[in-house]
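Read off the chains here:
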Amino acid sequence: IYLKCILCCFLSLPVFGRAIHAIARISDEFWFDPIEKGLALRSVNSSRSAYACVFFSSMFFQHYCWTAVSQPCQKGKQLSLPCKLIIKSVLPVFRCANVLERNVEKCSIYRNINGRHITFQLLCKHGVVKTYNLTFQECDPLQAVFAKHLCPNVLKVHSRLLADIMIHFPASQEEVTLSVTPMKVCFKSYTEEDTDFSKTMLTEIQLNPKEFDYFQVGVDSEVTFCLKELRGLIAFSEATSVPISIHFDISGKPIAFSIEDMVLEASFILATLSEAEKETASQQPSCFSEQQESAEAIASKKPPWYENAPNMKPNMSPLAKQELRNIARVPSPVVTDREGPAMAKDHAVLEGEATESHQKVRMQVVFTFHSLFFGAVSCKEKDAVSHPCHSLATASDTEEDFGNMQRSPV
Amino acid sequence: GNFFDEFQLEGVAAEHNEIYLELVPENLSRALKTAQTAKTFKIKLTNKHCPCLRVAVELPSLSSSSRIVTHDIPVGVIPRRLWNDFREPSVPDFDVSIYLPALKTMKSVVERMKNLSNFIVIEANLSGEMNLKIETDLVCVTTHFKDLGNPPWASEDGCQSSARGRDLESMAEARIDIKKLQQLLAGQQVNPTKALCNIVSQRVVHFVLLHEDVSLQYFIPALA
């Protein structure tokens, strides 16, 4: 089983560079995931409280060619073979996004058959050719599922406005609270009960809903998220001039910042601080009893907010624990027949899991409401076969999008 | 009071109608930076969780109603018994008073000198001459300014200090920390209407920068 993937040239190099920089704010490494329809770049931070995905459709590139050689038993399934790259090795390639456009005539990205490298080649002025061979790690697909369309609050705004707002906060400001009612919108510095007010400068910005291109507030809410992770997306959006859509719910539920146009889509999904653990899911459905407990190890990784916010319950809610146990339930391959970024996975797909027990489907539906997910598929047959493609193919019969889910501790 | 469109102050008591506040300048500077395009700008002393300067800035926006940015800057209120510590020093009996050269020029000279030495000597006389000197084991550097002019000061008995028989060519000098001078010069963003300095030999250098409604005075003590 081999995968050959060639991407050549760019319509807009600075846009690609800014996307890399935006993702760099999330984590040190990212998933480089080419599929037939385009190239997806994904990243998740170590505490699993921030997820980014930028998808460039094949039309974004001057030339895009992706081929997979599949075995007959594949039955026409297309495979994706994502790989992980270290951001630090890629950033120098796109260091000065503005300079790139002037000096670089062409940029090619390709991966050879059986190659252990992804190669970025820049053809610059005066015949200079810069070649970067970056070693990658093969890895499990990464994907988050977040039902944007189920969010009661939706704001759409030009990136300039967001940038003008965020400039009032110091560069060191970690968390910011967004507070909405149908009548007003307010961004303010995050404070908690034991904030030392005598040492902290607080900033608050009040806006009129009329300033937004689209303003829908279904439920009054106050959500607190990490500003640092967002700044990259704002810069990226300014490069593309595409407005940013904000989808969110009440505190505790993730907030999604996304941009979308004909050739690219980007989503940054950030966890938000929850006020109190209000979940009442004390009973655990029996269908989960057989789940693997390996997720507990992941559960011990707390987000930074856990350490800094002593007010929050140190233990996860029972619901969270359930969700964790759901991890590794079905080591199925990530469905690669995507129309767009994985984020846009619908409610409909969840309900289509007819083969699963009804109860399980219901719980999975509930999960998408509650938190930030991403499925890291773990192949049970990893040890059996060297090639990941092979093991993916034999993993499961069902077309399940997310085998492993873990709640992002918030 | 004339500087502001509106100004209200109520101090501790009628005969002590002043308030002394201590704050982190970085906070106020940041708040002011965001107000560059402001329609209106208001500062209020409030006490929410603790004493704060509430800076409310009204910014223009795309819609009919403005954007309002509020910064709460924590301040410490200084009790009356400590007010004496912050009393403004009176203008000293200086030996020489002289107008400063163009601040931009002075700034670039001092910045380069800062790399060579920690101390700088300012000397000036009543003939409009000023020298900035540094001296290290390896090198001495002096920058000479001429024709600066000396401001006329009327002393209490009506005659100018220059009439007190001081030799016009004689230099009064003071050796000060160069970093402090450099900070003073770096902080000037707008050219003042008048800029001068008074030197008390070996004691203190007193800088006075005058803008339309605002005066800035700096006292830098001399070092041995």
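Residues numbered from 1 in each chain as written. Chains lettered and ligands numbered in written order. Predicted model: local features only at pLDDT ≥ 70, side-chain atom pairs only at ≥ 80, totals over all residues. Heavy atoms only, no water.

Q: Just to check I follow, could you spell out the overall build of chain A for this structure?
A: Along the backbone of chain A there are 11 helices and 19 strands. Sorting the 410 residues of chain A into buried and exposed places 57% on the buried side. Total accessible area on chain A is roughly 17300 Å²; 51% of this is exposed by carbon and sulfur atoms. (Helix = DSSP H or I, 4+ residues; strand = E, 2+ residues; numbered from the N terminus. Buried < 20%, exposed > 50% of the residue type's maximum accessible area, 1.4 Å probe, protein only. Areas by Shrake-Rupley, 256 points an atom, 1.4 Å probe, with all protein chains shown as cover.)

Q: Mind showing me how you'd approach the packing of aromatic side chains here?
A: This model, assessed by the stated rule, comprises 11 aromatic pairs over all chains. Ring centres of A:Phe32 and A:Phe120 lie 6.3 Å apart, and the angle between their planes is 65 degrees; this geometry places the pair in the edge-to-face category. With a gap of 88 residues between them, A:Phe32 in strand S2 (residues 29-35) and A:Phe120 in strand S8 (residues 117-124) connect regions that are remote in the sequence. Accessibility expressed as a relative area gives 2% for A:Phe32, which makes it buried. Residue classification places A:Phe120 among the buried positions, given a relative accessible area of 1%. Connected via pairs of aromatic rings, a cluster forms that spans A:Phe16, A:Phe56, A:Phe60 and A:Phe61. Lying across the ring of B:Phe119, B:Arg175 places its NZ or CZ 4.3 Å from the centre. (Phe/Tyr/Trp six-rings, centres within 6.5 Å; stacked < 30°, edge-to-face > 60°. Lys NZ or Arg CZ within 6 Å of the ring centre and 35° of its normal.)

Q: I keep staring at the environment of B:Thr70 and nothing clicks. Help me out?
A: Take B:Thr70: it is sitting in strand S4 (residues 67-74). Residue classification places B:Thr70 among the buried residues on the basis of a relative accessible area of 14%. Considering only alpha carbons, one finds B:Thr70 and B:Val57, 13 residues apart in sequence, at a separation of 6.2 Å. Among all residues touching B:Thr70, those that are not within four sequence positions of it are A:Leu202, A:Thr203, A:Glu204, B:Arg54, B:Val55 and B:Ala56. (Contact = heavy atoms within 4.5 Å.)

Q: Can you help me understand the sheet that holds strand S9 (residues 140-145) of chain B in this one?
A: Residue and element names in this part refer to chain B. Sheet architecture is open: four strands sit in the order S9-S8-S7-S10, paired in antiparallel fashion. Whereas interior strands pair on both sides, the edge strands pair on one side only; in this sheet they are S9 and strand S10 (172-177). Across the sheet, the mean angle from the axis of one strand to that of its neighbour is 20 degrees, orientation sign disregarded. Pairing between strand S8 (residues 130-135) and S9: six bridges, direction antiparallel. The residue bridging Lys-133 from the neighbouring strand is Thr-142, located in S9. Against the sheet, helix H2 (residues 103-114) contacts strand S7 (119-124), S8 and S9, and its axis sits at roughly 15 degrees relative to S8. Contacts between helix H3 (residues 178-186) and the sheet are confined to S7, S8 and S10, with S10 contributing the most and set at about 90 degrees to the helix. (Pairing = 2+ DSSP bridges. Axes fitted to C-alpha atoms, helices over the stretch in contact; angles between N-to-C directions.)

Q: Would you mind showing me how to read the pairing of S7(B) here?
A: Sheet faces and side chains relate simply in a regular strand, where the side chains alternate between the two faces. All names here are of chain B. Counting buried positions over the six residues of S7 gives five, a clear majority of the element. Summarising the sheet, S7 and S10 pair through six bridges and their orientation is antiparallel. Each residue of the ladder has a partner; that of Ile-120, found in S10, is Ile-176. The pairing of S7 with S8 spans four bridges and is antiparallel. By the bridge assignment, Ile-122 is partnered in S8 with Leu-132.

Q: Help me understand unusual backbone geometry, please; the structure alone is not making it clear to me.
A: The bulk of non-glycine residues show a negative phi, and the bulk of peptide bonds are trans. Residue and element names in this part refer to chain A. One non-glycine residue with positive phi stands out, namely His-126, at about 60 degrees. Although it is not a glycine, Ser-241 sits at a positive phi angle of roughly 60 degrees. Take Ser-241: it is sitting in the loop between helix H5 (227-240) and strand S17 (244-248).

Q: Would you mind going over a nonpolar patch on the surface with me for this structure?
A: All names here are of chain B. A surface patch of nonpolar side chains, amounting to about 830 Å² of accessible area, comprises Phe-3, Phe-4, Phe-7, Leu-9, Ile-19, Leu-21, Leu-45, Val-77, Val-214 and Leu-216. Position of Leu-216 relative to the elements: it lies in strand S13 (residues 215-221). A residue is classified by how much of its surface remains accessible, and Leu-216, at 31% relative accessible area, is partly exposed. (Patch = residues over 30% accessible without salt bridge, like charges linked within 9 Å, V, L, I, M, F, W, Y side chains within 5 Å. Salt bridge = Lys/Arg side-chain N within 4 Å of Asp/Glu carboxyl O.)

Q: Looking at this model, I keep getting lost on the environment of A:Val54. Mind explaining?
A: Residues and elements named next belong to chain A. Of note, Val-54 is situated in strand S4 (residues 50-57). Classification of Val-54 as buried rests on a relative accessible area of 0%. On a C-alpha basis, the gap between Val-54 and Leu-39 in space is 8.2 Å, while along the polypeptide they are 15 residues apart. Beyond its immediate chain neighbours, meaning those up to four positions away, Val-54 contacts Ala-19, Ile-23, Leu-39, Ala-40, Leu-41, Phe-236, Glu-265, Ala-266 and Phe-268.

Q: Can you walk me through the nonpolar core in this structure?
A: In this structure, A:Phe16, A:Phe32, A:Phe56, A:Phe120, A:Phe187, A:Phe236 and A:Phe257 are the most contacted members of the largest nonpolar core, which totals 80 residues. A per-element tally of this core places helix H1 (residues 13-24) of chain A first, with seven residues. Among the nonpolar cores identified, the runner-up in size contains 32 residues, and B:Val109, B:Cys197, B:Ile199 and B:Ile220 belong to it. (Core = buried A, V, L, I, M, F, W, Y, C linked by side-chain atoms within 4.5 Å.)

Q: Could you clarify how one ought to interpret the confidence of the model for chain B in this entry?
A: Interpretation of this model should avoid reading the predicted coordinates in detail wherever pLDDT is low. All names here are of chain B. In the predicted model, chain B carries a mean pLDDT of 86, and 95% of its residues have values of at least 70. Across residues 157-163, where pLDDT falls below 50, the model places seven contacts with residues more than four positions away in sequence or in other chains. The complex model carries a pTM of 0.66, and its ipTM stands at 0.74. (pLDDT = per-residue confidence, 0-100.)

Q: What am I meant to see in the layout of surface pockets here?
A: One water molecule sets the probe size; rolling that probe over the atoms shows where empty space is left. The calculated volume of the largest pocket comes to roughly 2400 Å³. In terms of lining, the largest pocket is formed by 37 residues, of which the most central are B:Phe3, B:Phe4, B:Leu28, B:Phe41 and B:Ile43. Secondary structure elements with two or more residues in the lining of the largest pocket: helix H1 (25-33), strand S2 (40-47) and S13 of chain B. With six residues, the single largest contributor to the lining of the largest pocket is S2(B). The class makeup of the residues in the lining of the largest pocket is 19 nonpolar, 10 polar and eight charged. Counted as a void, the second largest pocket has a volume near 630 Å³. What lines the second largest pocket is a set of 27 residues, and nearest its centre among them are A:Thr177, A:Tyr190, A:Thr191, A:Glu192 and A:Glu222. Those elements that provide at least two residues to the lining of the second largest pocket are strand S13 (185-189), strand S14 (202-207) and strand S16 (221-226) of chain A together with S4 of chain B. Residue composition of the lining of the second largest pocket, by class: six nonpolar, 12 polar and nine charged. (1 Å grid on protein atoms, 1.4 Å probe; cavity = no way out; pocket = protein on both sides within 12 Å on 5 of 7 lines; lining within 4 Å. Points joined across faces, edges and corners; volume = space filled by probe spheres on them. Nonpolar A, V, L, I, M, F, W, Y, C, P; charged D, E, K, R; others polar.)

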